[in-house]
Amino acid sequence: TELGIERRFVPESCPRAVRPGDFVRYHYLGSFPDGTRFDSSYDRGSTFNVFVGRGQLIAGMDQALVGMCVNERRFVKIPPKLAYGSEGVAGVIPPNAVLHFDVLLIDLWNSEDEVQVQTYFKPEKCPRTVQVSDFVRYHYNGTFLDGTLFDSSHNRMRTYDTYVGIGWLIPGMDQGLLGMCVGEKRIITIPPFLAYGEDGDGKKEIPGQASLVFDVVLLDLHNPKDGITIENQVVPESCERRSQAGDFIRYHYNGTLLDGTLFDSSYSRNRTYDTYVGKGYVIAGMDEGLLGVCTGEKRRIIIPPHLGYGEEGRGKIPGSAVLVFDIHVVDFHNPSDSVAITVHYKPSNCTVLSKKGDYLKYHYNASLLDGTLLDSTHSLGKTYNIVLGSGQVVLGMDMGLQDMCVGERRTVVIPPHLGYGEHGVEGEVPGSAVLVFDIELLELVSGLPEGYMFVWNGEVSPNLFEEIDQNHDGEVLLEEFSEYIQTQVDTGKGKLAPGFDFEKIVKNMFTNQDRDGNGKVTAEEFKLKDQEAKEEHDEL
């Protein structure tokens, strides 16, 4: 004669229990005391949805549902006076029938409910939170209040990307995402009137009047009005020059998404990224972020997607992703740059200056613009010896050694187009690298006038050919020519261009005289350099 309630399963967690006025969704089996079933929500494939305590249920069920938790199971015995009484329900419930209900509560909410937000992880640093009109990328698991999964972005292995607060989402999600930080995790519980309402989603995945629970992790956030953000991390004390549009720059970087996911790194390739700045060779945000940097500077550049790879993304970069680049500037230059020379010490008696053709001996330390040492003659214990202007060193070094005194010390900065160019020297000098040489000139041997490999220190014999032709056969062989030149140098009568191999110079001189290329020089072929110049002038 009395209402009987048996709690057959009670979940460990019960944050909320049914109260009069709540709306509930539940499954049930209805039977008579002999076990005969008269009704079942399971057979219809849908829950029974109803307000509690408003007279929409038989009195016994109205009472039996109060205090239930979601996922709780109750076995309820309802006497006739709290069910269908002496009249019953024609063809279904006989008069004065005791009714048994096996009830499982699936969902409950109240029309006064609001969106509930429970944050269970929040990063220590939260420089920015979601605001109305922001664009966000997030992962989620969507469940009903009983824990049944209805959707998951994780299963699709793709974030959900959307604007917030402009009607692209259900109202409850629009509210629940506000104030989130990138990396934050929260549970957002949404009553149906702020979700899909009475009709559900129309796809039979979300039924009508269903409360929804979203377990959300925010991965990315930006606003279409955002520009790039620059965070200076290390700025050298000395910064003589800052990058400008048109400069060519070499830098290392780590590229991550806003949640810290690494998508690329120049360090992993052990090679800098080399590009022009301000000419569209890189994404717009990086073009802007690389302006105004110093060599050796480290900075973080945060680039919104409309200045990055946009809605489509690229490779490991998803669409609409904010990009974070931690860069280290190794060097930069401009194609219009020439050699830069800084003199640190010059002797007071600086009268003889180096010029093209001079033979120089000098020490140097060679480094990159960031200070990385490449080479040093000091470590080898010997000088570097060249003939200035003869192409024995890179063009920039030829320029940097001009007009130098013995004992002078200077720093020569050489842009790559006057150094080793785009390709560098494999294993030694990176491509497109600016080079820095600290130089000390130790010895200078004056060279010969341009175009001369040998000069006389006195008057030239009028019978020169006969003197060279020692066997007087009218022909001079290379051996005779070489022996004669060697004698003139040894006796101080002549001088060879310094810094070159004797045999190569003599062979070159002989080849110039051997005009028909037969390996012999005749009197008709033999001419001094000033005689050659006069004949060429006459011909012209």
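Residues numbered from 1 in each chain as written. Predicted model: local features only at pLDDT ≥ 70, side-chain atom pairs only at ≥ 80, totals over all residues. Heavy atoms only, no water.

1. As for the overall build of the protein chain
Selection rule: Numbering of helices and strands runs from the N terminus, with a helix taken as a DSSP run of H or I at least four residues long and a strand as a DSSP run of E at least two residues long. Here the globule rule is a power law, 2.2 Å times the number of residues to the power 0.38, and the radius of gyration is based on C-alpha atoms. Type-normalised accessible area, obtained with a 1.4 Å probe on protein chains alone, sets the label of each residue: buried when under 20%, exposed when over 50%, and partly exposed for intermediate values.
For the protein chain, the count of helices and strands is 12 helices and 28 strands. Taken over the C-alpha trace, the protein chain has a radius of gyration of 45 Å; the compact-globule value for 540 residues is 24 Å, which it surpasses by more than 25%. Taken along its principal axes, the extent of the C-alpha atoms in the protein chain is 155 × 50 × 45 Å. Put simply, the protein chain has 540 residues, and 46% of those count as buried.

2. A look at helix 11 (residues 502-513)
The condition that has to hold: Each residue after the first adds 1.5 Å to the expected span of a helix. Arc definition: directions from the helix axis to the C-beta atoms. Between N or O atoms, a polar contact is any pair within 3.5 Å; within protein, one atom must be a potential hydrogen donor and the other a potential acceptor, and residues adjacent in sequence are included only when both atoms are from side chains.
Look at helix 11: 17 Å from first C-alpha to last across 12 residues, which is about the 16 Å you get at 1.5 Å a residue. Turning to helix 11, its buried residues are Ile505, Val506, Met509, Phe510 and Gln513. What you see down the axis of helix 11 is that its buried residues fit within an arc of 130°, all on one side. Within helix 11, the exposed residues directed more than 90 degrees away from the buried face are Glu503, Lys504 and Lys507. Near the N-terminus of helix 11, the side chain that reaches the backbone nitrogen of glutamate 503, with its oxygen 3.3 Å away, is that of aspartate 501.

3. Notes on the UniProt feature "domain: PPIase FKBP-type" (unreviewed entry) in the protein chain
What counts is decided by this rule: UniProt positions are given in the numbering used here, feature names are shortened, and annotations may be inferred rather than shown by experiment.
Following the UniProt record, one finds the feature "domain: PPIase FKBP-type" (unreviewed entry) at residues 21-109, 133-222, 246-333 and 357-445. The span residues 133-222 is 12% helix and 39% strand, and its two end C-alpha atoms sit 9 Å from each other. Helix makes up 11% of residues 357-445 and strand 39%, whereas the separation of the span's terminal C-alpha atoms amounts to 9 Å.

4. Regarding helix 10 (residues 478-490)
The condition that has to hold: Residue contacts are counted whenever heavy atoms from the two residues lie within 4.5 Å of one another.
With 13 residues, helix 10 extends 18 Å from end C-alpha to end C-alpha; this agrees with the ideal 18 Å at 1.5 Å per step. Among the residues of helix 10, Glu480, Phe481, Tyr484, Ile485 and Gln488 are the ones counted as buried. The buried residues of helix 10 all sit within an arc of 125° when viewed along its axis, so they share a single face. Turned more than 90 degrees away from the buried face of helix 10 sit Glu479 and Asp490, all of them exposed. Looking at the packing, one finds that the buried side of helix 10 touches strand 25 (454-456), helix 9 (464-468), strand 26 (475-476), strand 27 (494-496) and helix 11. Residue glycine 492 follows helix 10 closely and has a positive phi angle near 80°.

5. Some thoughts on the UniProt feature "domain: EF-hand" (unreviewed entry) in the protein chain
The feature "domain: EF-hand" (unreviewed entry), as given by UniProt, occupies residues 456-491 and 501-536 in the numbering adopted here. Segment residues 456-491 splits into 50% helix and 8% strand. End C-alpha atoms: 11 Å apart.

6. Describing the state of the cysteines
So the rule is basically this: The rule for a disulfide is simple: a pair of cysteine sulfur atoms within 2.5 Å.
Taken as a whole, this structure holds four disulfides when the rule is applied. Through a disulfide, cysteine 239 is tied to cysteine 294; the S-S separation comes to 1.9 Å. Note on the cysteine 239 and cysteine 294 pair: the S-S dihedral is about -95°, so by sign convention the disulfide is left-handed. Taken together, the positions of cysteine 239 in the loop between strand 13 (229-234) and strand 14 (248-257) and cysteine 294 in the loop between helix 6 (284-289) and strand 17 (298-303) put the pair 55 residues apart, joining distant regions of the chain.

7. Some words on unusual backbone geometry
For methionine 157, which is not a glycine, the phi torsion comes out positive at approximately 55°. Here methionine 157 shows up in the loop between helix 3 (153-156) and strand 10 (160-163). Notably, asparagine 270 is not glycine yet its phi reads approximately 55°, a positive angle. With respect to the helices and strands, the residue asparagine 270 is situated in the loop between helix 5 (266-269) and strand 16 (273-276). Of the residues examined, asparagine 270 reaches a relative accessible area of 70% and is grouped as exposed.

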